[in-house]
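Below, each chain spelled out in residue letters.
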Amino acid sequence: MAEQFPFSIVENVLSSLRSSVVRKLGSMYSVRNELEKLEETLSTLNAVLLDAEDQLEKSYAVKD
């Protein structure tokens, strides 16, 4: 359960960043590029967290 917490936060933030309202506000306030960079960074973080979770599961499997 605790392992899912960081993943859930990243997923929620990514979902919010992808919303049309946030994109429109980003364009209005000229921060669209920064929002896209943040989305890219969070997507990378998400991939790292998923990989870490996979590695942890494999580690537990080896110990058992």
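Preceding this section is the structure that the text describes.
Before going into details, it helps to say that this report is about the structure given with it. Note that the structure is predicted; figures quoted are calculated from it, not measured.

**Some remarks on empty space enclosed by the protein**
Evaluated as defined, the whole model comprises one cavity of 30 Å³ or more. In this structure, the largest cavity encloses a volume near 50 Å³. Leu17, Val22, Arg23, Arg32, Leu35, Glu36 and Glu39 together form the lining of the largest cavity. Of all the elements in the fold, those that place two or more residues in the lining of the largest cavity are α2 (20-28) and α3 (32-63). With four residues, the single largest contributor to the lining of the largest cavity is α3. Looking at the lining of the largest cavity residue by residue, the classes come out as three nonpolar, no polar and four charged.

**Looking at a nonpolar patch on the surface**
Where nonpolar side chains cluster on the molecular surface, the patch consists of Val21, Leu25, Met28, Tyr29 and Val31 and spans about 510 Å² of accessible area. By secondary structure assignment, the location of Leu25 is in helix α2. Residue classification places Leu25 among the partly exposed positions, given a relative accessible area of 39%.

**Digging into unusual backbone geometry**
At Ser30, a position not held by glycine, the phi torsion is positive, near 55 degrees. Inspection of the secondary structure puts Ser30 in the loop between α2 and α3.

**Thoughts on the pattern of salt bridges**
Applying the stated criterion to the full structure yields four salt bridges. With a closest N to O distance of 3.0 Å, Glu39 and Arg23 form a salt bridge. Linking Glu39 in helix α3 with Arg23 in helix α2, this pair joins segments that are 16 residues apart in sequence. Of the residues examined, Glu39 reaches a relative accessible area of 14% and is grouped as buried. Note on Arg23: relative accessible area 34%, which makes it partly exposed. Of the charged contacts in the structure, one is a salt bridge between Glu36 and Arg32, with a shortest N-O distance of 3.1 Å.

**A short note on the side chain of Glu39**
Within polar-contact distance, the side chain of Glu39 engages the side chain of Arg23 at 3.0 Å. Apart from the residues within four sequence positions on either side, Glu39 is in contact with Leu14, Leu17, Arg18 and Arg23.

What counts and how
- Residues numbered from 1 in each chain as written.
- Predicted model: local features only at pLDDT ≥ 70, side-chain atom pairs only at ≥ 80, totals over all residues.
- Heavy atoms only, no water.
- 1 Å grid on protein atoms, 1.4 Å probe; cavity = no way out; pocket = protein on both sides within 12 Å on 5 of 7 lines; lining within 4 Å.
- Points joined across faces, edges and corners; volume = space filled by probe spheres on them.
- Helix = DSSP H or I, 4+ residues; strand = E, 2+ residues; numbered from the N terminus.
- Nonpolar A, V, L, I, M, F, W, Y, C, P; charged D, E, K, R; others polar.
- Patch = residues over 30% accessible without salt bridge, like charges linked within 9 Å, V, L, I, M, F, W, Y side chains within 5 Å.
- Areas by Shrake-Rupley, 256 points an atom, 1.4 Å probe, with all protein chains shown as cover.
- Salt bridge = Lys/Arg side-chain N within 4 Å of Asp/Glu carboxyl O.
- Buried < 20%, exposed > 50% of the residue type's maximum accessible area, 1.4 Å probe, protein only.
- Polar contact = N/O pair within 3.5 Å; in protein donor to acceptor, adjacent residues only side chain to side chain.
- Contact = heavy atoms within 4.5 Å.

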